Amino acid sequence: MKIVILTALGVGGATIFGAVLGLIFKKITERRTNAVLAFAAGVMMAAAMIGLIFPALEYGGKYGVITATLGIFLGALSVNLLDMLLPCIMRLGGHKNDDEGLRGVFLFVGAIAIHNLPEGIAAGVGFGTGEIGDAILIATAVALQNIPEGMIVFLAMLGAGISRGRTFFIAAMTGVVEIIGTFIGYFAVSISSAVLPFALAFAGGTMLYVISDELIPDTHSREGGHLATYFLLIGFTFMLIFDAII
């Protein structure tokens, strides 16, 4: 249990660490941002496959492919639905469309917080299986992705004119969401091992959705798209090597 607590704090703390870096550096070029996020996407992709989807196939036995396929699509759909609900939540919160710049920033930060929950669940599910090696792989991938994410969240809000104190607090809260998700994933699998293959695939699907829908398009929408592709490959192979070592 201690290692789960430390991992939860590490995964969520990585976002806070990224916000601290944003406070220090204040500005990061688009090419560097693309490279770092693409590397994180490659890391997450490898972790989703090796630590979640492949074990789901293995634990699922005879019906592993069916269970994994269902879990992947439902995981992706759940994050998709949460993203779709975000504009409605913004309107209920009283944010009007006339302040497009500020609204866009809050939409972005809200999306980050929403997808941090299933990322945390993915890390927790890994520990719930008892496969510590896979769990560390997943947690490392999520933490590495959270550092540039925390930096970008901080800089985006700062650029919108939000105070430093409030900006840092909001960025930190996106990390706390991930800590909560880690414990949800861990206890959910620990309580019922019967749902283990589905839970693993579901968590993998959430990560694949985030990679495909957010990270890859974002890194190719600005300067340095080809560079981002190579950094994605570097991140992917980095996790292959990391998995072989552990």
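Residues numbered from 1 in each chain as written. Predicted model: local features only at pLDDT ≥ 70, side-chain atom pairs only at ≥ 80, totals over all residues. Heavy atoms only, no water.

Visitor: Is there a simple way to think about the packing of aromatic side chains in this case?
Guide: The geometry of an aromatic ring pair comes down to the distance between the two centres and the angle between the two planes. Taken as a whole and assessed by the stated rule, the structure comprises two aromatic pairs. Taking 5.9 Å as the distance between ring centres and 40° as the angle between the ring planes, the aromatic pair formed by Phe198 and Phe202 counts as tilted. Of the two residues, Phe198 and Phe202 are both situated in helix H7 (residues 196-220); the distance of four residues between them amounts to about one turn of the helix. (Phe/Tyr/Trp six-rings, centres within 6.5 Å; stacked < 30°, edge-to-face > 60°. Helix = DSSP H or I, 4+ residues; strand = E, 2+ residues; numbered from the N terminus.)

Visitor: Which parts of the structure should I look at to understand the environment of Phe236?
Guide: Tracing the chain through its elements places Phe236 in helix H8 (residues 225-245). Once the C-alpha coordinates of Phe236 and Met45 are considered, the two residues, 191 residues apart in sequence, prove to be 6.7 Å apart. Excluding anything up to four places from it in sequence, Phe236 contacts Gly42, Val43, Met45 and Ala46. (Contact = heavy atoms within 4.5 Å.)

Visitor: Help me understand helix H2 (residues 30-59), please; the structure alone is not making it clear to me.
Guide: Every α-helical turn comprises 3.6 residues, leaving residues that sit three or four positions apart pointing alike. Helix length check: H2, at 30 residues, gives a terminal C-alpha distance of 42 Å against a target of 44 Å (1.5 Å per residue), a fit within 8%. A maximum bend of about 30° is found in H2 at Met49. Looking at the residues trailing H2, positive phi occurs at Gly61, about 65°. (Expected span 1.5 Å × (residues − 1). Bend = angle between axes of the 7 residues up to and from the residue.)

Visitor: How should the side chain of Thr219 be read in this particular structure?
Guide: The topology assignment puts Thr219 in helix H7. A polar atom in the side chain of Thr219 sits 2.9 Å from the backbone oxygen of Ile216. One polar contact links Thr219 to His220, side chain to side chain, over a distance of 3.2 Å. (Polar contact = N/O pair within 3.5 Å; in protein donor to acceptor, adjacent residues only side chain to side chain.)

Visitor: Looking at this model, I keep getting lost on the nonpolar core. Mind explaining?
Guide: Among soluble globular proteins, nonpolar side chains are generally buried collectively. Counting 24 residues, the largest nonpolar core has Leu52, Ala122, Ile138, Leu200, Met207 and Leu215 as its most contacted members. Take this core: its biggest share by element is eight residues, from H7. Among all residues touching Ala122, those that are not within four sequence positions of it are Leu52, Ile138, Ala203 and Met207. (Core = buried A, V, L, I, M, F, W, Y, C linked by side-chain atoms within 4.5 Å. Buried < 20%, exposed > 50% of the residue type's maximum accessible area, 1.4 Å probe, protein only.)

Visitor: Honestly, the confidence of the model for the protein in this entry has me stumped. Any pointers?
Guide: In low-pLDDT segments, the atomic positions of the prediction should not be examined closely. Taken over all residues, the pLDDT of the protein has a mean of 75, while the share at 70 or more is 74%. Per-element averaging of pLDDT across the protein places helix H4 (residues 100-128) at the bottom with 64 and H8 at the top with 86. (pLDDT = per-residue confidence, 0-100.)

Visitor: Just checking my understanding: could you explain a nonpolar patch on the surface for this structure?
Guide: Taken together, the side chains of Leu70, Leu74, Leu77, Leu81 and Met84 present a nonpolar region at the surface, about 460 Å² in accessible area. Within the element layout of this structure, Leu70 appears in helix H3 (residues 64-92). (Patch = residues over 30% accessible without salt bridge, like charges linked within 9 Å, V, L, I, M, F, W, Y side chains within 5 Å. Areas by Shrake-Rupley, 256 points an atom, 1.4 Å probe, with all protein chains shown as cover. Salt bridge = Lys/Arg side-chain N within 4 Å of Asp/Glu carboxyl O.)

Visitor: Whenever I open this one, the packing of H2 against H8 confuses me. Can you help?
Guide: The contact between H2 and H8 brings their axes to 7 Å, and the two run at 40°. Here H8 runs oblique to H2, going by the angle between their axes. The element H2 and its partner H8 pack so that their crossing is right-handed. In this structure, H2 contributes Arg31, Asn34, Ala35, Ala38, Phe39, Ala41, Gly42, Val43, Met45, Ala46 and Ile50 to the contact, and H8 contributes Leu227, Ala228, Phe231, Leu232, Ile234, Gly235, Phe236, Phe238, Met239, Leu240 and Asp243. When the residues that make up the contact of H2 with H8 are grouped by side-chain class, the tally is 17 nonpolar, three polar and two charged. (Axes fitted to C-alpha atoms, helices over the stretch in contact; angles between N-to-C directions. Parallel < 35°, antiparallel > 145°, perpendicular 65-115°, else oblique. Left-handed = near helix turned anticlockwise from the far one by under 90°. Nonpolar A, V, L, I, M, F, W, Y, C, P; charged D, E, K, R; others polar.)

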